[in-house]
Amino acid sequence: MALSREQIAMRVAQEFSDGNYVNLGIGIPTLAANYVPEGISVMMHSENGLLGMGPYPTEDQVDPDMINAGKETVTAITGASIFESAQSFAMIRGGHVDITVLGAFEVDVKGNIASWMIPGKLVKGMGGAMDLVAGAQNIIVTMTHANKNGESKLLKACTLPLTGVNCITRIITDLAVLEVKDNAFWLKERAPGVSVEEIRSKTEGELIVEGDVPEMQFN
Amino acid sequence: MALSREQIAMRVAQEFSDGNYVNLGIGIPTLAANYVPEGISVMMHSENGLLGMGPYPTEDQVDPDMINAGKETVTAITGASIFESAQSFAMIRGGHVDITVLGAFEVDVKGNIASWMIPGKLVKGMGGAMDLVAGAQNIIVTMTHANKNGESKLLKACTLPLTGVNCITRIITDLAVLEVKDNAFWLKERAPGVSVEEIRSKTEGELIVEGDVPEMQFN
Amino acid sequence: MAGFNKVVSSYEEAMQGLADNMTILAGGFGLCGIPEGLIAQIKKMGTKGLTIVSNNCGVDGFGLGILLEDRQIKKMISSYVGENALFEKQLIAGELEVELTPQGTLAERMRAGGAGIPGFYTATGYGTPVAEGKEVKEFNGRNYILEEGIVGDFAIVKAWKADTFGNCIYKDTSMNFNPLAATAGKITVVEVEEIVEPGQLKPSEIQTQGIYVDRVIKGTFEKRIERRVTREA
Amino acid sequence: MAGFNKVVSSYEEAMQGLADNMTILAGGFGLCGIPEGLIAQIKKMGTKGLTIVSNNCGVDGFGLGILLEDRQIKKMISSYVGENALFEKQLIAGELEVELTPQGTLAERMRAGGAGIPGFYTATGYGTPVAEGKEVKEFNGRNYILEEGIVGDFAIVKAWKADTFGNCIYKDTSMNFNPLAATAGKITVVEVEEIVEPGQLKPSEIQTQGIYVDRVIKGTFEKRIERRVTREA
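One numbering rule holds for all chains: residues counted from 1, following each sequence as written. Lettering of chains starts at A and numbering of ligands starts at 1, both following the order in which they are written. Note on the predicted model: pLDDT of at least 70 is required for a residue's local features to be given, and 80 or more for side-chain atom pairs to be given and counted; whole-chain, interface and lining totals, by contrast, use all residues. The side-chain values count all of the structure's non-hydrogen atoms but skip hydrogen atoms and water molecules.

## Describing the pattern of salt bridges
Stage number 1. The term salt bridge refers to a side-chain nitrogen of Lys or Arg lying within 4 Å of a carboxyl oxygen of Asp or Glu. The full count for this structure, using the stated rule, is 59 salt bridges over all chains.
Stage number 2. A salt bridge links Glu99(D) to Lys75(D), with the shortest nitrogen-to-oxygen separation between them at 3.1 Å. One end of the pair, Glu99(D), is in strand 4 (residues 97–100); the other, Lys75(D), is in strand 3 (residues 73–78), with 24 residues separating them in the sequence.
Stage number 3. Only protein chains enter the area calculation, which uses a 1.4 Å probe; residues under 20% of their type maximum are buried, those over 50% are exposed, and those in between are partly exposed. For Glu99(D), a relative accessible area of 27% gives the class partly exposed.
Stage number 4. Residue classification places Lys75(D) among the buried residues on the basis of a relative accessible area of 18%.
Stage number 5. In this structure, the salt-bridge partner of Glu222(D) is Arg224(D), at a minimum N-O distance of 2.9 Å.
Stage number 6. Look at the salt bridges and you will find they share partners, linking Asp63(A), Asp65(A), Lys158(C), Lys171(C), Asp172(C), Glu193(C) and Lys223(C) into a network. Numbering goes from the N terminus for both helices and strands, where a helix is a DSSP run of H or I of at least four residues and a strand is a run of E of at least two.

## Quick notes on the packing of aromatic side chains
What characterises a pair of aromatic rings is the spacing of the ring centres plus the angle enclosed by the ring planes.
Stage number 1. Here is the rule: rings of Phe, Tyr and Trp (six-membered ring for Trp) pair when centre to centre is within 6.5 Å. Planes less than 30 degrees apart are stacked, more than 60 are edge-to-face, and the remainder are tilted. Under the defined criterion, the tally for this structure stands at nine aromatic pairs over all chains.
Stage number 2. Residues Phe139(C) and Tyr144(C) carry aromatic rings whose centres are separated by 5.7 Å and whose planes lie at 80° to one another, so their mutual orientation is edge-to-face. Assigned by exposure class, Phe139(C) and Tyr144(C) land together as buried.
Stage number 3. The ring of Phe221(D) has Lys158(D) sitting right over it, with the charged end atom 4.8 Å from the ring centre. Note on geometry: a ring has a charge over it if NZ (lysine) or CZ (arginine) is within 6 Å of the ring centre and within 35 degrees of the ring normal.

## Description of the sheet that holds strand 10 (residues 170–173) of chain A
All names here are of chain A.
Stage number 1. Here a strand pair is declared whenever DSSP counts at least two bridges between the two strands. As summarised here, the arrangement of the 10 strands in space is 4-3-2-1-5-8-10-11-12-13, forming an open sheet in which the pairing is mixed. Each edge of the sheet is formed by a strand with only one pairing partner; in this case those strands are strand 4 (76–82) and strand 13 (207–208).
Stage number 2. The pairing of strand 2 (residues 43–46) with strand 3 (residues 50–53) spans two bridges and is antiparallel. Counted as the bridge partner of His45 is Leu51 from strand 3.

## A look at the pairing of strand 3 (residues 50–53) of chain B
All names here are of chain B.
Stage number 1. Hairpin connection from strand 2 (residues 43–46) to strand 3: three residues lie between these consecutive antiparallel strands, with Gly49 at a positive phi of about 125°.
Stage number 2. Where strand 3 meets strand 4 (residues 76–82), three bridges bridge the pair, whose relative direction is antiparallel. The residue bridging Leu50 from the neighbouring strand is Ile82, located in strand 4.

## Some details on the sheet that holds strand 9 (residues 154–155) of chain B
All names here are of chain B.
Stage number 1. The three strands lie next to each other as 7-6-9, forming an open sheet whose pairing is mixed. At either margin of the open sheet sits one strand with a lone partner, and together these are strand 7 (113–114) and strand 9.
Stage number 2. In this structure, strand 6 (residues 106–108) lies alongside strand 7, joined through two bridges in antiparallel fashion. The partner of Glu106 across the bridge, within strand 7, is Ala114.

## Remarks on the interface of chain D and chain C
Size of an interface: often given as the accessible area lost when the parts come together.
Stage number 1. Only heavy atoms matter for contacts: two residues are in contact if any of them lie within 4.5 Å across the pair. Contact residues are listed per partner, giving 20 residues for chain D and 20 residues for chain C.
Stage number 2. A quick way to say it: buried area is the sum, across both parts, of accessible area lost when two parts are put together, with a 1.4 Å probe. Roughly 1700 Å² is buried in total at the junction of chain D and chain C, and carbon and sulfur atoms are behind 53% of that figure.
Stage number 3. Applying the counting criterion to the chain D and chain C interface returns four salt bridges.
Stage number 4. Among the salt bridges present, the one from Glu108(C) reaches Arg111(D), with a minimum N-O distance of 2.8 Å.
Stage number 5. What qualifies as a polar contact is a pair of N or O atoms within 3.5 Å, subject to a donor-acceptor requirement within protein and to the restriction that residues adjacent in sequence count only when both atoms come from side chains. For the pair chain D and chain C, the number of links is nine residue pairs in polar contact (both at pLDDT 80 or more).
Stage number 6. When contributions to the side of chain D that touches chain C are tallied by element, the ones reaching two or more residues are helix 4 (103–114), strand 5 (119–122), strand 6 (136–139) and strand 7 (142–148) of chain D.
Stage number 7. Its residues assigned to classes, the side of chain D that touches chain C comprises nine nonpolar, four polar and seven charged. In the scheme used here, Gly and all other residues not listed as nonpolar or charged are polar, with Ala, Val, Leu, Ile, Met, Phe, Trp, Tyr, Cys and Pro taken as nonpolar and Asp, Glu, Lys and Arg as charged.

## What to know about the environment of Asp70(D)
Residue and element names in this part refer to chain D.
Stage number 1. Along the chain, Asp70 falls in the loop between strand 2 (50–53) and strand 3.
Stage number 2. Looking at Asp70, the relative accessible area reads 36%, which means it is partly exposed.
Stage number 3. Separated by 23 residues in the primary sequence, Asp70 and Thr47 place their C-alpha atoms 9.4 Å from one another.
Stage number 4. Once you skip the residues sitting within four places of it in the chain, Asp70 turns out to touch Lys43 and Lys48.

## Here we look at the confidence of the model for chain C
Stage number 1. Per-residue confidence for chain C gives a mean pLDDT of 97; residues scoring 70 or more make up 100%.
Stage number 2. Reported for the predicted complex are a pTM of 0.97 and an ipTM of 0.97. Per-residue confidence from the predictor is reported as pLDDT, which spans 0 to 100.

## Examining the interface of chain A and chain C
Stage number 1. On the chain C side, the residues contacting the 45 residues of chain A number 51 residues.
Stage number 2. Summing both sides of the interface, chain A and chain C together bury roughly 4000 Å²; the carbon and sulfur share of this comes to 62%.
Stage number 3. Across the pair Lys171(C) and Asp63(A) runs a salt bridge whose closest N-O atoms are separated by 3.0 Å.
Stage number 4. At the boundary of chain A and chain C, one finds 27 residue pairs in polar contact (both at pLDDT 80 or more).
Stage number 5. At the level of elements, helix 3 (85–93) and helix 4 (129–135) of chain A are the ones that each hand at least two residues to the side of chain A that touches chain C.
Stage number 6. The greatest single-element share of the side of chain A that touches chain C, amounting to four residues, is contributed by helix 3 of chain A.
Stage number 7. Considering only residue class, the side of chain A that touches chain C consists of 22 nonpolar, 13 polar and 10 charged.

Here it is in structure tokens:
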């Protein structure tokens, strides 16, 4: 069965290694912070200028000068640092953030991503997404495998204006974990109970399946 | 009579306006700090990362972590700021330093300056000089008008490798104050007792003399 | 002798010289760390045709959003806009122009402008609509686009404390774009919560050096919160 | 669980992985703010063919100068060198290569390297020997040259205090190139006077963020003064 948002976030959190600096986009990626595996310590980077983002504040901790990149009130962990925006994006652009997780409208077999603009709809802007996909060492896209009409979001070629080119290497959807290389999607894991056939039917770009594809493991 | 080093420094200091941020090179320029006119407040920028450089320390104030761009022990005034080298040169390159005073081997009528390299002699480097002449709003060169052999240092065209091009607008020598514009040196002031003829004889580049040229005034 | 005392006592004095069609760099991220009083003064002055360089454009009725009410803004250079209805309306009506710039590129463009760097290369935006019309150059086998430094006629900045020399420090994440905007204004005006005497800020802890600052004014701040999210205690 | 604890207990561990022909970025200006113990460890290791990016090259018998004694340095990228006799001798003998870079350009090249900016334009050096072989581009009627970002295999940095996460602060003008070098090392090693617990450095006052730092070691420092100049009390 297709994963819930929480389950996708859980699977994303399994990608984290001890000591990783991680930037999580808005939505499902943010939820991954709740599922960091035991024994693993990661530090959250928020691109408005906070390394070591903590949980939301309690009512009496709320401080208008302490917000995250989603403009939500937030706290800092012990040992956090705070800095200006050029420094924050130096960390991103310079490849110092280990893992970036973000959502997308479309990804294609070249590792291109479209996530910020749907022509005809009002364009609000890319915020830091283009910097993140250009800079991070390891970029994970999370999204549903298909849109509401059942159409694949894993394409031969993105149709929407791009956020970045040749930058996505790993995709975690409600159906599967996939790698992107050599102009194809390589199926690595299936959601529990989801068949290779279902995944294939919802993947427009070339899908490569090698041997038995294991199911994702959740503890 | 030709000015002494101290007198050149005194005349340089008359160029300062209240509220100026000033960077002084090694040698005569540094001496200018001792002659800031009364009623005028300037702040000294030292390119190793100190804005608000103070006097040399007393013996018990000496701190190896407090030095100036000449690598000398130094102090900071009340209200000083200390910063890293990229920030320091952002101030210089970005045109935030109001006045830079530095020495030179040669200056020419195009405002070119040569101050860092004599071919055949060991080249130690340009340090911050190229950044200073490229960035400051107002650059004053101080030097003797001629070299030890009596040869002019105010040339039609510099013969030594350049430090910067089209950047020098004002020169204060032991004989004169001159402006550089329209491919000529414009004589503005004479050292007390020095004739226009002497200055002309020691100026290789075109010298323009308009009307009576006043003597420098020292209080 | 005025010396290095940058303190002004009225908002009129703080924004003196602002004229139609000027470019203003503004600090702030969302509603966090915005120079509320300086924005209000611009509204009061009624200056028109402004180009505003700021990560966002406030919300309806607060922050830079209030400058939309009398159509004072001609163009926004931002990474994310449209958090307010009036903005969308003017944009759709063609009354407002927007140049969308990735957030990191925007920050770097302000820094470059202040640091005398007219252009730099970044991989951000290569192959996307952001790259249109921009020079592409390859370094070590990867493609980068040329982005240009930005300088403003004015920079409006919100700091926590400043001394009378204009040295500033910022509080927590209200820092954001403020120190960058401060470096890149021909006239830089800083609105602060507290003015202190020189020497009260430690030299190494100063985050905007007075050399960048022309005027300092003490303000009062509402500090509206855009998205209040809390957890159980 | 190692987590974010960057502290190492020996110089061997601090410089582990250093190999012949690597590039090292070093903080320091003259003898001020130099990582004395890390330099000594490089001498001890006897690594050869090094390219060192540092504003200066120490003096005879101290600072980076000691790496000349066994001819460990192949090339210096610096703004000002030759404060020591051995340096001059090796340079004249053709045993040592020097790439002279203006001081501000050197600082900016380190910053750019760390910030993922492969190149930037500066007016510094245009029309001089520094511009030879470099691309020239005109912006707003003025000519600028293209300079490239620098990244090192190692960065060796001297800070005042670091917490165990690698967050650092610097003391007075010993800051200089240190925070810039810190951002641009594939492996960044920081030698400090004092190691403190996370939380003891205020988040906004941290000058090098732990994300840039791989290893932290507590050192002891001679802090030799290059030019002691004093005045009467």
